[in-house]
Amino acid sequence: QDPRSLGAGWVWAIHRDTTGALWVGTGEGGLYRLRDDGTFERFAHDPADPQSLSDDYVTVIDEDRAGVLWVGTRSGGLNAFDRGTSRFRRFLPDPSDEHSLSHYSVSAILVDRAGALWVGTAGGGLDRARTDANGTVAGFDRFTERDGLVDNNVVSLLEDDDGSIWVGTRRGLSRLDPVSRRVASFGREDGLASVELTPGAAAASPDALYFGTHRG
């Protein structure tokens with residue numbers, strides 16, 4: 001009953017931004033910021049406000065070089081949060097626009113070393129953001145099974161030392177070269193414990209990339 005508390009108990013995402021603030025994405029209550037006094041500030045979906053969070057089911061949070069907070073949701077697409085104005089810009093699929101977001105369900109976000117934004121979706125494959133002359137996201141390029149991805153259900157994203165993007169999916173692991181667009185895919189025959197990778201269970205160390213699966 002305390003509006004300053006974390007209102008929803010199902011936490012899907014946690015992110016500490018460049019200012020040191022801690023952000024929490026929940027499965028029912030939207031997005032929360034932990035204040036210095038231990039209370040929470042809530043950012044929620046408002047059907048009457050197109051600049052509010054698009055969906056209260058937050059799945060993933062990341063931040064780009066400009067300090068924009070990127071918030072993925074289960075059914076409301078992608079949000080760019082401006083902390084100066086506390087307003088959200090929404091990115092949604094548009095059947096008439098091939099450079100729109102490919103799917104309403106966002107499952108993974110990666111900002112690579114070059115500053116490019118990558119968005120994994122649960123059904124639409126992988127999207128790479130296109131920017132205008134001001135560096136503002138103006139659309140997306142899509143990578144799907146037609147381009148060689150092993151599956152369009154993306155669950156995790158990592159970048160290796162060569163700049164390749166590793167894409168964890170429900171049916172195996174793919175490696176994408178962003179320059180050539182070449183894709184190599186890996187399954188049980190390559191040593192994966194399971195082809196069904198676990199959402200969000202991926203981490204990079206100085207000498208390896210780690211992906212969690214349903215079997216280890």
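Structural data are supplied above this passage.
Residues numbered from 1 in each chain as written. Predicted model: local features only at pLDDT ≥ 70, side-chain atom pairs only at ≥ 80, totals over all residues. Heavy atoms only, no water.

Draft legend 1. Main features of the overall build of the chain. Counting its secondary structure elements, the chain contains zero helices and 18 strands. The C-alpha radius of gyration computed for the chain amounts to 17 Å, which stays within 12% of the reference 17 Å derived for 216 residues, consistent with globular compactness. Projected onto its principal axes, the C-alpha positions of the chain cover 50 × 40 × 30 Å. Taking all 216 residues of the chain together, the buried fraction comes to 47%. Long-range contacts, defined here as pairs at least 24 residues apart, represent 41% of the contacts in the chain between residues at least 6 apart. (Helix = DSSP H or I, 4+ residues; strand = E, 2+ residues; numbered from the N terminus. Rg over C-alpha atoms; globule rule 2.2 N^0.38 Å. Buried < 20%, exposed > 50% of the residue type's maximum accessible area, 1.4 Å probe, protein only. Contact = heavy atoms within 4.5 Å.)

Draft legend 2. Geometry of the sheet that holds strand β4 (residues 40-43). With antiparallel pairing, four strands are arranged side by side in an open sheet as β1-β2-β3-β4. The sheet is open, and its two borders are formed by β1 (11-16) and β4, each paired with just one other strand. On average, adjacent strands in this sheet sit at an angle of 20° to one another, irrespective of strand direction. (Pairing = 2+ DSSP bridges. Axes fitted to C-alpha atoms, helices over the stretch in contact; angles between N-to-C directions.)

Draft legend 3. Main features of the nonpolar core. Counting residues in each nonpolar core, the largest one holds 14 residues, and the members touching the most others are Trp70, Leu78, Leu117 and Phe140. For this core, the element with the highest residue contribution is strand β9 (residues 106-111), accounting for three residues. Sequence-distant contacts of Trp70, defined by excluding residues within four places in its chain, comprise Val60, Ile61, Asp62, Asp64, Leu78, Asn79, Ala80, Phe91, Ile109, Leu117 and Val137. Listed in part, the 12 residues of the second largest apolar core include Ala13, Trp23, Leu31 and Val71. (Core = buried A, V, L, I, M, F, W, Y, C linked by side-chain atoms within 4.5 Å.)

Draft legend 4. Expanded view of the side chain of Ser156. On the secondary structure map, Ser156 appears in strand β13 (residues 154-159). Sequence-distant contacts of Ser156, defined by excluding residues within four places in its chain, comprise Ala108, Trp166, Val167, Gly168, Leu197, Gly200, Ala202 and Phe211.

Draft legend 5. Structural context of the sheet that holds strand β15 (residues 172-176). Across the sheet, four strands lie side by side as β13-β14-β15-β16; this open sheet has antiparallel pairing. Strands with a single pairing partner mark the edges of an open sheet, and in this sheet they are β13 and β16 (183-186). Pairwise comparison of adjacent strand axes, ignoring direction, gives a mean angle of 20° for this sheet. Strand direction decides the pairing type here: β13 and strand β14 (residues 165-169), joined by five bridges, are antiparallel. Counterpart to Glu159 in the pairing with β14 is Ile165.

Draft legend 6. Representation of the packing of aromatic side chains in the model. Evaluated as defined, the whole model comprises 13 aromatic pairs. Both rings, one in Phe91 and one in Phe140, keep their centres 5.8 Å apart while their planes meet at 85°; by these two values the pair is edge-to-face. With a gap of 49 residues between them, Phe91 in strand β8 (residues 87-91) and Phe140 in strand β12 (residues 137-143) connect regions that are remote in the sequence. Taking the relative accessible area as the measure of exposure, Phe91 reaches 8% and is therefore buried. (Phe/Tyr/Trp six-rings, centres within 6.5 Å; stacked < 30°, edge-to-face > 60°.)

Draft legend 7. Spotlight on the pattern of salt bridges. Summed over all chains, the structure comprises 12 salt bridges. Put simply, Glu63 and Arg83 hold a salt bridge, and the shortest N to O gap is 2.9 Å. Pair noted here: Glu63 is in strand β5 (residues 58-63) and Arg83 is in the loop between β7 (78-82) and β8, with a separation of 20 residues, a long-range link. Residue classification places Glu63 among the buried residues on the basis of a relative accessible area of 9%. (Salt bridge = Lys/Arg side-chain N within 4 Å of Asp/Glu carboxyl O.)

Draft legend 8. Quick peek at the environment of His15. Mapped onto the secondary structure, His15 falls in strand β1. Between the alpha carbons of His15 and Gly29 there is a distance of 16 Å; along the sequence they are 14 residues apart. With residues up to four places along the chain from it excluded, the contact list for His15 reads Ala21, Leu22, Trp23, Ile61, Asp62, Glu63 and Leu69. There is a polar contact of 3.3 Å between the side chain of His15 and the side chain of Glu63. (Polar contact = N/O pair within 3.5 Å; in protein donor to acceptor, adjacent residues only side chain to side chain.)

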